[in-house]
Every structure is written in C-alpha cells, then in structure tokens.
Amino acid sequence: MDFVKAANIDEFSDKNHKVIKLVGRLVGIIKRDDGSFFGIEVSCKHQGADLLTDYRGGMVAICPRHQWKYDLESGECLNHDSLPLRRYKTKIEGSDILVSLLPIEDEASSDYEPLF
Ligand code: FES
C-alpha cells in the first residue's frame, strides 16, 4: 500500500482535522480524542458538499447542505440509505502523518487476481 504525506502533527495543536485533496477526492485527516489519527472521505454522498465545513469534533459529521449524518469512524450514513464514506489508513513517520493513496476498500479489492 502506498502512502503520501498529508500533514504534520504540529498542525493539529489547535485543531482536530485537516482536509486534503487526494486523487481528486476530499479526504479528512481526523485527530481522535486519544491523539491517534484516521482518514475518511469527506465529500457527502448526496451532492458532494464538504462534510467538515461546520465540524467541531466528535465521531459524527452532519452535512451543512441537507443534514445527512455520517459516522466518521465507520463511514456509514446514519440517516439515509447511502454508500459509506471511503476510509483511509494513516501512519506516523517522525512528525509526519501519512495517508494511504487508496481507500481501504479499494486496496482490498485490488488484491483480486483472476483465476485464468
Ligand atoms: S449535499 Fe450533503 S446532504 Fe445534500
């Protein structure tokens, strides 16, 4: 799995998230209360709004446009039938936060090898 630098840990001294653009998608790097990090797609599955526009913390994001709610840890939409947000792996190297280039779900499916 390939990773790219998304942020420096120092950027989170006074905030709990950062949004980056990764392969054409908005990806949020979220700092949990315990200080660990995770990555999650933050384009709403309804019409693509940035889910972190009004985000103040916690594990639920509410879309500013039409209030679809998402569990940021699992990516599940909590109040509509919808595909889940894509999740990304993160890792720390020194003071850098790296994020996987591909979502966890796409990486798993890329292991597919045809039998013929
Ligand atoms: S764009 Fe997010 S709920 Fe409509």
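The structure this text deals with has already been given above.
Residues numbered from 1 in each chain as written. Predicted model: local features only at pLDDT ≥ 70, side-chain atom pairs only at ≥ 80, totals over all residues.

Draft legend 1. Spotlight on the overall build of the protein. When its secondary structure is counted, the protein shows 1 helix and 9 strands. The order of α-helices and β-strands along the protein, N terminus first, is β-β-β-β-β-β-β-β-β-α. Its C-alpha atoms give the protein a radius of gyration of 15 Å, within 12% of the compact-globule value 13 Å for 116 residues. Over its C-alpha atoms, taken along the principal directions, the protein stretches across nearly 50 × 40 × 25 Å. With 116 residues in all, the protein has 23% of them scored as buried. Taking the intrachain contacts of the protein between residues at least 6 apart in sequence as the baseline, contacts between residues at least 24 apart amount to 37%. (Helix = DSSP H or I, 4+ residues; strand = E, 2+ residues; numbered from the N terminus. Rg over C-alpha atoms; globule rule 2.2 N^0.38 Å. Buried ≥ 20, exposed ≤ 12 C-beta atoms within 10 Å, placed from the backbone. Contact = placed C-beta atoms within 7 Å.)

Draft legend 2. Focus on the sheet that holds strand β7 (residues 87-88). The 4 strands lie next to each other as β2-β3-β4-β7, forming an open sheet whose pairing is antiparallel. The two strands at the open ends of the sheet, each matched to only one other strand, are β2 (17-22) and β7. Of the strand pairs in this sheet, strand β4 (residues 37-41) and β7 are connected by 2 bridges, and their pairing is antiparallel. Paired with Gly 39 across the strands is Tyr 88, a residue of β7. (Pairing = 2+ DSSP bridges.)

So, to be careful, I would describe these as geometric facts and stop short of saying anything about function.
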